[in-house]
Amino acid sequence: MSLTDSSPLEVAKAASISSRNLAILSTEARNDALTAIHGALQETKDIILAANAKDLELATKAAEEGELSQSVLKRLDLGRKGKWEDMLQGILDVRDLEDPVNKITLRTRLDDGLELQRFTCPIGVLLIIFEARPEVIANIASLAIKSGNAAVLKGGKETTLSFRAISTTISNALTNTLVPNASIQLVTARDVIASLLDLDKHIDLVIPRGSNELVRYIKDNTRIPVLGHADGICSTYIHKDADPEMAVKILVDAKLGYPAACNAVETLLVDEAALSTILPAVASALLEKGVSLRCDAESKSALAASLPKNESTILQDATEEDYTTEFLAPILAIKTIPTPPDASASTSCSLAIAHINAHSSKHTDAILTSSPEIANQFQSGVDSACVFWNTSTRMADGMRFGFGTEVGISTNKIHARGPVGLEGLMIYKYRINGCGQVAGDYGEGGKRWRHERLPLDG
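Residues numbered from 1 in each chain as written. Predicted model: local features only at pLDDT ≥ 70, side-chain atom pairs only at ≥ 80, totals over all residues. Heavy atoms only, no water.

The name that an unreviewed UniProt entry assigns to the protein chain is glutamate-5-semialdehyde dehydrogenase, with the source organism given as Letharia columbiana. Recorded in UniProt under Function (unreviewed entry), the annotation for the protein chain is "Catalyzes the NADPH dependent reduction of L-gamma-glutamyl 5-phosphate into L-glutamate 5-semialdehyde and phosphate. The product spontaneously undergoes cyclization to form 1-pyrroline-5-carboxylate." UniProt, in its Sequence similarities (unreviewed entry) section for the protein chain, records the words "Belongs to the gamma-glutamyl phosphate reductase family." (UniProt positions renumbered as here; feature names shortened; annotations may be inferred.)

Structural data, given as structure tokens:
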């Protein structure tokens, strides 16, 4: 890794050249580089956390003056419980995963002595633009190196000292490895994002990590494909047959595990038949922990009748805008799903699905129910990258999925979707091995294709 203030064009060209060299390195060479990075970060922990503390101090002042949001401030803290350890473990987890490069995924005998093969290969050059997430450098570096991709990183000014400390450590660690120095570059020059986004000849994929404003700006200002999501408007639907104790446990985790995360629940959908049976305990647990509940008329009325007065009086009225808002804070919007008389259980589920597909950001949504049939209806019908049954939306995470770590979460409808790990950083190429055959040999009056599928390990 190198810290560079070179021009965007010079950076992108160097990354493009390095990507081709990195892509042909052995598995052992790439794994050795990750081992070196992990060891170096362990040794310089105190230096990096001290730099992060200074960034936090400056960012806290900016937040107090209204120049920085609280959600950004929370993402900045590298010393938050478990964050440092998770970052380091993620590097080792990625290192120990199967090598994703040059795997054969298709073999077809087109004719005798004419074989088609499909191989996995790196995308090429990744441009990662991020805000307030110092751990992203280590995450991206490990995923890029393991997958054979070069990466150009541009961070926000609020974490300048953290970025420099981490980058210097990784750069020093890579000095004695076979990974080309320009494979991972941290751009330190200011006001270069627009120029980087214009380099579609040299950069193959942009991955934004930050606010929805940042993601939307990038999507609107580049011809390079963008992998990511602008919002994390996640919903959980309580079906009338959900287990009450399970519902409390899951909703507390989904809302309060890390409210500033993109996989935190923002909307709670509740069957009308569950307003007086399941919702009160959920609401009470959330209110006790300081969550503001914004309720529609039906849920507010039901809770007012069942909760103690000191809790019911602090309920707020929801607006339509609340159901399309990513709060990134201890706020939850509640909406009632009608339970039509004499209707089947699937009818209410269909209404919940319709609401989510109309209002969600297609990130992560969940259902709480004891019915496998209703769960399957929900998981099949909701058009989101992650759809869960009887668990927290916070489960949408590369490390929890076993990907080692993630480069980001994608709501795209092409290529990678959901938490993006090594597999999402690979594409493929086709190879044909022949012995003199040409296209003109086949067709009317010529040879016939065999198109015989072959085992991958042949």
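Once you've had a look at it, read on.
**Let's talk about the overall build of the protein chain**
Across its full length, the protein chain carries 16 helices and 18 strands. On C-alpha atoms alone, the protein chain measures out to a radius of gyration of 25 Å, which is about the 23 Å that the 2.2 N^0.38 rule sets for 458 residues. Its C-alpha atoms give the protein chain principal-axis dimensions of about 80 × 65 × 35 Å. Scored against the burial criterion, the 458 residues of the protein chain give a buried share of 56%. (Helix = DSSP H or I, 4+ residues; strand = E, 2+ residues; numbered from the N terminus. Rg over C-alpha atoms; globule rule 2.2 N^0.38 Å. Buried < 20%, exposed > 50% of the residue type's maximum accessible area, 1.4 Å probe, protein only.)

**Topic: the state of the cysteines**
Structurally, a disulfide amounts to a covalent bond that connects the sulfur atoms of two cysteines. Per the stated rule, a full pass over the model turns up zero disulfides. For Cys234, which is in no disulfide, the shortest distance to another cysteine sulfur is to Cys262 and amounts to 6.9 Å. For Cys234, a relative accessible area of 0% translates into the label buried. (Disulfide = S-S within 2.5 Å.)

**Looking at the sheet that holds strand 13 (residues 364–368)**
Pairing between sheet strands relies on hydrogen bonds along the backbone, with the strands arranged either parallel or antiparallel. Ordered by their spatial adjacency, seven strands build an open sheet running 11-10-12-9-8-13-14, and the pairing between neighbours is parallel. Of all strands in the sheet, those bounded by a partner on one side alone are strand 11 (316–317) and strand 14 (386–389). Sheet contacts for helix 10 (residues 244–256): strand 8 (234–238), strand 9 (265–271), strand 12 (331–337) and strand 13; angle to strand 9, the most-contacted strand, approximately 155°. Helix 12 (residues 297–306) rests against strand 10 (292–295), strand 11 and strand 12 of the sheet, and its axis sits at about 125° to strand 10. (Pairing = 2+ DSSP bridges. Contact = heavy atoms within 4.5 Å. Axes fitted to C-alpha atoms, helices over the stretch in contact; angles between N-to-C directions.)

**Brief notes about empty space enclosed by the protein**
Summed over all chains, the structure comprises two cavities of 30 Å³ or more. Along the walls of the largest cavity sit His239, Lys240, Asp271, Thr339, Pro340, Ala343, Ser344, Ala345, Thr347 and Ser348, which together make up its complete lining. By residue number, the principal contributor to the lining of the largest cavity is helix 14 (residues 345–359), which donates three residues. Considered class by class, the residues forming the lining of the largest cavity number three nonpolar, five polar and two charged. Of the pockets and cavities examined, the second largest cavity occupies roughly 30 Å³. If you go around the second largest cavity, the residues you meet are Val72, Arg75, Glu131, Ala132, Arg133, Gly210 and Ser211. In terms of residue class, the lining of the second largest cavity is made up of two nonpolar, two polar and three charged. (1 Å grid on protein atoms, 1.4 Å probe; cavity = no way out; pocket = protein on both sides within 12 Å on 5 of 7 lines; lining within 4 Å. Points joined across faces, edges and corners; volume = space filled by probe spheres on them. Nonpolar A, V, L, I, M, F, W, Y, C, P; charged D, E, K, R; others polar.)

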